[in-house]
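Topology and contacts: notes
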Amino acid sequence: QVQVVESGGGLVQYGGSLRLSCVASGTFFKIHAMGWHRQAPGNQRELVASIRSGDIIVYADSVKGRFSISRDNAKNTVYMQMNSLKPEDTAVYYCNVIADKALGGPQFSYWGQGTQVTVSS
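Presented here is a report on the structure given in the accompanying data block. (Residues numbered from 1 in each chain as written. Predicted model: local features only at pLDDT ≥ 70, side-chain atom pairs only at ≥ 80, totals over all residues. Heavy atoms only, no water.)

Take the overall build of the chain next. Along its length, the chain carries zero helices and 11 strands. Along the chain, helices and strands appear, N-terminal first, in the series β-β-β-β-β-β-β-β-β-β-β. Relative to the compact-globule value of 14 Å for 121 residues, the chain shows a C-alpha radius of gyration of 14 Å, a close match. In terms of its C-alpha atoms, the chain occupies a principal-axis envelope of roughly 50 × 25 × 25 Å. (Helix = DSSP H or I, 4+ residues; strand = E, 2+ residues; numbered from the N terminus. Rg over C-alpha atoms; globule rule 2.2 N^0.38 Å.)

With 31 residues, the main nonpolar core has Trp-36, Phe-67, Val-78, Met-80, Met-82, Tyr-93 and Val-97 as its most contacted residues. Secondary-structure elements contributing two or more residues to this core are β1 (2–7), β3 (18–26), β4 (30–39), β5 (46–52), β7 (67–72), β8 (77–82), β9 (91–100) and β11 (115–120). (Core = buried A, V, L, I, M, F, W, Y, C linked by side-chain atoms within 4.5 Å. Buried < 20%, exposed > 50% of the residue type's maximum accessible area, 1.4 Å probe, protein only.)

Time to look at the state of the cysteines. Working definition of a disulfide: a covalent bond connecting the sulfur atoms of two cysteines. A full pass over the atoms with the stated rule returns one disulfide. Here Cys-22 is linked by a disulfide to Cys-95, with a sulfur-sulfur distance of 2.0 Å. Handedness here is read from the sign of the S-S torsion; for Cys-22 and Cys-95, about -80°, the answer is left-handed. Linking Cys-22 in strand β3 with Cys-95 in strand β9, this pair joins segments that are 73 residues apart in sequence. Each member of the pair Cys-22 and Cys-95 is classed as buried. (Disulfide = S-S within 2.5 Å.)

With that settled, consider the sheet that holds β3. Spatial strand order, β1-β3-β8-β7: four strands in an open sheet with antiparallel pairing. Each edge of the open sheet carries a strand with a single partner, namely β1 and β7. Each neighbouring strand pair of the sheet contributes to a mean axis angle of 15°, computed without reference to strand direction. Sheet topology note: the β1/β3 ladder contains six bridges and is antiparallel. Looking at the pairing, Val-2 lines up with Gly-26 of β3. (Pairing = 2+ DSSP bridges. Axes fitted to C-alpha atoms, helices over the stretch in contact; angles between N-to-C directions.)

This is the structure:
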């Protein structure tokens, strides 16, 4: 099993910054991708940013130029630096890890419990 634990959420004022961290632990062969999704009340969960093997990075249009995702492979950790935060960034942020259990085996998706980010106007 793979455990995914997020940290770094909190309350920040408009224009402020936060840094989220996510650590994956447990039994797996290789992590193929790590990323952040968010869900605001009444909305569907949406992709914010992800980083795949080969450092292929994807950002949602709404956060381009403000958020930056990075990964420390040795620590199985992904970070997301969030700058110029807006009230519309308020949501629960979930870390997602895509990993397999054996070379060439199927890939599985694992989720953390989420961390709340609240941006006041």
